[in-house]
Amino acid sequence: MFFLLSLLSVAFTPIYVGIVFLGFTPDHRCRSPGVAELSLRCGWSPAEELNYTVPGPGPGGEASARQCRRYEVDWNQSTLSCADPLASLDTNRSRLPLGPCRDGWLYETPGSSIVTEFNLVCANSWMLDLFQSSVNVGFFIGSMSIGYIADRFGRKLCLLTTILINAASGVLMAISPTYTWMLIFRLIQGLVSKASWLIGFILITEFVGRSYRRTVGIFYQAAFTVGLLMLAGVAYALPHWRWLQFTVTLPNFCFLLYYWCIPESPRWLISQNKNAEAMRIFKHIAKKNGKSLPASLQRLRLEEETGKKLNPSFLDLVRTPQIRKHTLILMYNW
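Going by what an unreviewed UniProt entry lists, the protein is known as Major facilitator superfamily (MFS) profile domain-containing protein and is assigned to Macaca fascicularis. Here is the UniProt Subcellular location (unreviewed entry) comment for the protein, exactly as written: "Membrane".

Attention now goes to the overall build of the protein. Helix and strand counts for the protein stand at 17 helices and four strands. The C-alpha atoms of the protein give 28 Å as radius of gyration, which overshoots the globular expectation for 334 residues (20 Å, by more than 25%). Taken along the three principal axes of its C-alpha coordinates, the protein extends 95 × 35 × 30 Å. Considering only contacts in the protein between residues 6 or more positions apart, those separated by 24 or more positions represent 75%. Placing the 32 positive and 21 negative side-chain charges of the protein at their respective mean positions leaves the two points 17 Å apart.

The subject of this paragraph is the layout of surface pockets. Counted as a void, the largest pocket has a volume near 2700 Å³. As for the largest pocket, its lining consists of 44 residues, and the residues nearest its centre are Phe201, Ile202, Leu317, Thr327 and Leu330. Contributing elements (two or more residues each) for the lining of the largest pocket: α7 (126-153), α9 (179-207), α10 (210-237), α14 (266-271) and α17 (321-333). Per element, the largest residue contribution to the lining of the largest pocket is 10 residues, and it comes from α7. When residues are assigned to domains, the lining of the largest pocket turns out to be shared by domain 1 (1-25 + 113-258) and domain 3 (263-333), each giving three or more.

With that out of the way, let us pick up the state of the cysteines. Within the structure shown, the criterion is met by three disulfides. Each disulfide pairs two cysteine sulfurs, and for cysteine 42 the partner residue is cysteine 82, the sulfurs being separated by 2.0 Å. Residues cysteine 42 and cysteine 82 share a disulfide whose torsion about the S-S bond is about -70°; that sign makes it left-handed. Taken together, the residues cysteine 42 in helix α3 (residues 35-42) and cysteine 82 in the loop between β2 (69-71) and β3 (98-100) connect sequence positions 40 residues apart. By relative accessible area, which is 18% here, cysteine 42 ends up buried. Linked covalently through their sulfurs, cysteine 68 and cysteine 122 form a disulfide whose S-S length is 2.0 Å. Judged by the sign of its S-S torsion, about -90°, the cystine formed by cysteine 68 and cysteine 122 is left-handed. Placement of the pair is cysteine 68 in helix α5 (residues 64-68) and cysteine 122 in the loop between α6 (114-118) and α7, with a sequence separation of 54 residues. Residue cysteine 68 is classed as buried on the basis of its relative accessible area of 19%. Taken N- to C-terminal, the disulfide-bonded cysteines of the protein are connected 1-5, 2-4, 3-6. Here cysteine 158 is not cross-linked by a disulfide; its sulfur's nearest cysteine counterpart is in cysteine 261, at 19 Å. Residue cysteine 254 stays outside any disulfide, its sulfur separated by 11 Å from that of cysteine 261, the closest cysteine.

Turning next to empty space enclosed by the protein. With the rule as written, the count across this model stands at three cavities of 30 Å³ or more. In this model, the largest cavity occupies a volume close to 60 Å³. Residue lining of the largest cavity: Leu8, Ala11, Phe12, Ile163, Asn166, Ser193, Ser196, Trp197, Asn252 and Phe255, and that is the complete set. Only α1 (2-17), α8 (155-174) and α9 provide two or more residues apiece to the lining of the largest cavity. Considered class by class, the residues forming the lining of the largest cavity number six nonpolar, four polar and no charged.

Rules of the game
- Residues numbered from 1 in each chain as written.
- Predicted model: local features only at pLDDT ≥ 70, side-chain atom pairs only at ≥ 80, totals over all residues.
- Heavy atoms only, no water.
- UniProt positions renumbered as here; feature names shortened; annotations may be inferred.
- Helix = DSSP H or I, 4+ residues; strand = E, 2+ residues; numbered from the N terminus.
- Rg over C-alpha atoms; globule rule 2.2 N^0.38 Å.
- Contact = heavy atoms within 4.5 Å.
- Lys, Arg positive; Asp, Glu negative; His and termini not counted.
- Charge placed at Lys NZ, Arg CZ, Asp CG, Glu CD.
- 1 Å grid on protein atoms, 1.4 Å probe; cavity = no way out; pocket = protein on both sides within 12 Å on 5 of 7 lines; lining within 4 Å.
- Points joined across faces, edges and corners; volume = space filled by probe spheres on them.
- Domains from an automatic or database assignment.
- Disulfide = S-S within 2.5 Å.
- Buried < 20%, exposed > 50% of the residue type's maximum accessible area, 1.4 Å probe, protein only.
- Nonpolar A, V, L, I, M, F, W, Y, C, P; charged D, E, K, R; others polar.

Now the structure itself:
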């Protein structure tokens, strides 16, 4: 169970840090009509084309002038020479007028990213920040709500539901035709991906005894680090963002097989007075591990309790001094 649930932690990595590869910003410059034809006619090397047709760095050495501005020059006019095309217009290039990149950009990369496809550079660079902010907003809302939902409806149901939504929205993001649709599906991924990761953490710590909780919690986090290493290799092999997004999303559909592999948390079942189902899972765990049931579990009443079920509440985080202390320490750490 621990190995299967740790795979959730591995698969969470591309959503948490995927912006590094999906939003990679390569070197770029303005596209100027006529430059490519002039370069071909003159036989310029790429370095010569840059030197002759692209503005230099800004006053403080900023790259923005070189990446976001272009000479207001008609590169199709026949009077331009190959030796120094701008010399015939003005001997001092700094006096030549500059304008925005009206015809898009040229990117120096063999692959693609959301930056190169949707031109999220220069005046539109804030849209890349918004892309990551949307998934972070999703993380916040999902993390705040999933604990209550999992306590209310059960861990397994919430896990499978969030996995399905995460996988579907990830695929839809990979085929999104516009930036707006991509942003919406990324927000949805944020809402459910952190939630499914947290449910996996809850399940694995509830499956084991108290003395093992710390160990499985640490190794569950270590699986995330394994995901980091794997993501770097996959992104190196797939430099195009849509194929990368497809590749890191599709394994999530395999997690739907957990319907048959992962049982409901017996601790949650007991809290809902479903003792018979909890006992069945306890016996299965004991059989697989070659252990005998503890006496405390053997005394568990098999009939359904008629008492009141435990209702979840955010006040549970501060209800007792010990839990209150743990809550404040974890909030401080995060």
